[in-house]
Amino acid sequence: MVLTATSTNNVKVYTVSGSNLARKIPDWLARRKRKELQKDIEWSTRIELIQDFGFPEAALRIKATPDGTHCMATGLYKPQIRVFDFANSSMKFDRHTDTENVNFLIMSEDWTKSVHLQNDRTLEFHNEGQMHYRARIPRFGRDLAYHSPSCDVLVGGASSEVYRLNIDQGRFMTPFQTQSESGINVVEVNPAHQLFGFGTEDGTVEFWDPRARNRIGALEPTIPNLLQPVAGTRGGFEITALDFRADGLGAAVGTSSGHVLLYDLRQARPWQIKDQQYGLPIKVLKWLEPTRSYSGDSADTEGAKIMSADSRIIKLWAVESGKPYTSIEPPCDINDVCVSPGTGLVYVAGESSDIQTYFVPQLGPAP
């Protein structure tokens, strides 16, 4: 079977699997009409990169393990967690939960330790066999992050406080009191120097030092000629996405108006502003560093890229010049995006029973 491919700016994007690649047939019908389907060319030549790679109704979140051997996803209905094994190209197991998942973190190199923020104000800690522990937070959570040096799980939500659950001592620590009046939408930890970043509903980004446990700075982004400002915010928009660069100096900020701002942490003004053009809140931001090809040369001559996604489209563009690189438009609304470590595979969790899979050769090799 020939994979469907699109090309933007001479960058090919191959659709490996998803709901728009092959028609869906129920399992009971496939078993009953097995002989008839063997003569069906489209059915017999279909591609399933990973068997059962999806959920009954929709996928909410998806993340790859740091060692690159598995990926974990949450979806519904019923609310459940699924782990997929890349080596065997199949689902390893699924585990049902009581409520829907808001976000989760993988806390180990493999899939065996994870923490899940649920929409009923609980934090669930899972190991390889079962749910290990459940804790309840005072307000509804929106995002979480893990600070490994102090063993603190940071949770931001519908409150001005960022809650801290220390998994070494097994108790809640004194929360961080931010200056936000509405709530915290995004919580991120800088991978280089462990600086905390909190994106607020007021439209600001606060930076906290984990050693002093105090706020050391803040960003108040502004976007000129904003068409539909949000009432109650300082700049007319909320902060909906945040991601730090691996060098510790770069920060990408996504807004509810569909704009992406790139900052150098040593400066107060952004050095790059990009518009997603759809006016939808930015859901996912990722820094993509250049990878090496099989020959040892750089597979990409334009340097680092930014991947920005709203509920409709995924765009990749150059960090230095801001030039568009390529784009991916899935057939369903986007909930989350994951890039397989060290490869060019992109997994998209959305409002579809299938998890969409795309391959961009110029981002990295095939696994």
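Residues numbered from 1 in each chain as written. Predicted model: local features only at pLDDT ≥ 70, side-chain atom pairs only at ≥ 80, totals over all residues. Heavy atoms only, no water.

## Observations concerning the environment of serine 257
Short version of the rule: A run of H or I in DSSP becomes a helix once it reaches four residues, and a run of E becomes a strand once it reaches two; helices and strands are each numbered from the N terminus. Polar contacts here mean pairs of N or O atoms no more than 3.5 Å apart (in protein, one a potential hydrogen donor and the other a potential acceptor; neighbouring residues in sequence count only if both atoms are side-chain atoms).
Secondary-structure assignment places serine 257 in the loop between strand 20 (250-255) and strand 21 (259-264). In the structure, serine 257 is positioned 20 residues away from glutamine 277 in sequence and 9.3 Å away in space, judged by C-alpha atoms. Within the structure, serine 257 has its side chain in polar contact with the side chain of threonine 255 (distance 2.9 Å). Within polar-contact distance, the side chain of serine 257 engages the side chain of histidine 259 at 2.9 Å.

## Looking at the packing of aromatic side chains
Cut-off, in case you're wondering: Centres within 6.5 Å are what make two rings of Phe, Tyr or Trp a pair, Trp counting through its six-membered ring; a difference in plane orientation under 30 degrees is then read as stacked, over 60 as edge-to-face, and the rest as tilted. Whether a charge sits over a ring depends on NZ of Lys or CZ of Arg being within 6 Å of the ring centre and within 35 degrees of the ring normal.
A full pass over the atoms with the stated rule returns 11 aromatic pairs. Taken together, the ring pairs connect Phe53, Phe84, Phe86 and Tyr347 into an aromatic cluster. Across the ring face of phenylalanine 140, the terminal group of arginine 121 is positioned such that the distance to the ring centre comes to 5.7 Å. The ring of tryptophan 317 carries the charged tip of lysine 274 above its face, separated from the ring centre by 5.8 Å.

## What to know about a negative patch on the surface
Here is the rule we go by: Surface patches are drawn from residues lacking salt bridges whose relative accessible area is over 30%; two like charges belong together within 9 Å, two nonpolar side chains (Val, Leu, Ile, Met, Phe, Trp, Tyr) within 5 Å. Throughout, the Shrake-Rupley method with a 1.4 Å probe supplies accessible areas, and for residues the shown protein chains are the sole cover considered. A side-chain nitrogen of Lys or Arg and a carboxyl oxygen of Asp or Glu constitute a salt bridge if their distance falls within 4 Å. This count recognises Lys and Arg as positive and Asp and Glu as negative, with His and chain-terminal groups excluded. Every charge is mapped onto a representative atom, which is NZ of Lys, CZ of Arg, CG of Asp or CD of Glu. Partly exposed describes any residue whose relative accessible area lies between the buried limit of under 20% and the exposed limit of over 50%, with all areas from a 1.4 Å probe on protein chains only and scaled to the type maximum.
Taken together, Glu57, Glu100, Asp333 and Glu351 make up a surface patch of like negative charges. Inspection of the secondary structure assignment puts glutamate 100 in the loop between strand 6 (90-96) and strand 7 (101-106). On the basis of relative accessible area, glutamate 100 is assigned to the partly exposed category, the value being 35%.

## Quick word on unusual backbone geometry
Note the cis peptide between leucine 76 and tyrosine 77, where omega equals -5°. Cis peptide bonds are those with omega within 30 degrees of zero, and the linkage from tyrosine 77 to lysine 78 qualifies with 10°. Tracing the backbone through its elements, the reader meets lysine 78 in the loop between strand 4 (70-76) and strand 5 (80-85). Positive phi outside glycine occurs at glutamine 194, with the angle close to 65°. Within the fold, glutamine 194 resides in the loop between strand 15 (184-189) and strand 16 (196-200). At glutamine 277, a position not held by glycine, the phi torsion is positive, near 80°. Relative to the assigned elements, glutamine 277 resides in the loop between strand 22 (272-275) and strand 23 (284-288).

## What to know about the sheet that holds strand 24 (residues 305-309)
Pairing between the strands of a sheet comes from backbone hydrogen bonds, and it takes one of two forms, parallel or antiparallel. The condition is simple: A pair of strands counts as paired when DSSP detects no fewer than two bridges linking them. Fitted lines through C-alpha atoms give the axes, limited to the stretch in contact for helices. The angle between two N-to-C directions lies from 0 to 180 degrees.
The strand order across the open sheet built from four strands is 23-24-25-26, with neighbouring strands paired in antiparallel fashion. Each edge of the sheet is formed by a strand with only one pairing partner; in this case those strands are strand 23 and strand 26 (324-328). Here the average twist between neighbouring strands, direction ignored, is 15°. As judged from the five bridges shared by strand 24 and strand 25 (residues 314-318), these two strands associate in the antiparallel manner. Within strand 25, the residue paired with isoleucine 306 across the bridge is tryptophan 317.

## Regarding the pattern of salt bridges
Side chains bearing opposite charge may pair, as long as their charged atoms lie close to each other. By the definition in use, this model includes 10 salt bridges. Among the salt bridges present, the one from glutamate 124 reaches arginine 134, with a minimum N-O distance of 3.2 Å. Of this pair, glutamate 124 sits in strand 9 (residues 122-126) while arginine 134 sits in strand 10 (residues 131-136), and the two are 10 residues apart along the sequence. Residue classification places glutamate 124 among the buried residues on the basis of a relative accessible area of 2%. Classification of arginine 134 as partly exposed rests on a relative accessible area of 36%. Arginine 215 is the salt-bridge partner of glutamate 206, the closest N and O atoms lying 3.6 Å from each other. Judged by its relative accessible area of 2%, glutamate 206 is buried. For arginine 215, a relative accessible area of 34% translates into the label partly exposed. Look at the salt bridges and you will find they share partners, linking Asp98, Glu124 and Arg134 into a network.

## Side note on the nonpolar core
Put simply, the test is: Throughout this description, the term nonpolar core refers to a set of buried Ala, Val, Leu, Ile, Met, Phe, Trp, Tyr and Cys residues connected via side-chain atoms within 4.5 Å. A contact between two residues is defined here by any heavy atoms of the two lying within 4.5 Å.
Core analysis: the biggest nonpolar cluster contains 18 residues, and Met307, Ile314, Leu316, Val337 and Val346 have the highest contact counts within it. For this core, the elements supplying multiple residues, two or more each, are strand 2 (11-17), strand 23, strand 24, strand 25, strand 26, strand 27 (334-339) and strand 28 (345-350). Looking at this core, the element that brings in the most residues is strand 27, giving three residues. Ignoring sequence-local partners within four residues, the contact set of leucine 316 consists of Leu288, Ile306, Met307, Pro324, Tyr325, Thr326 and Leu363.

Taken by themselves, the reported measurements are silent on function.
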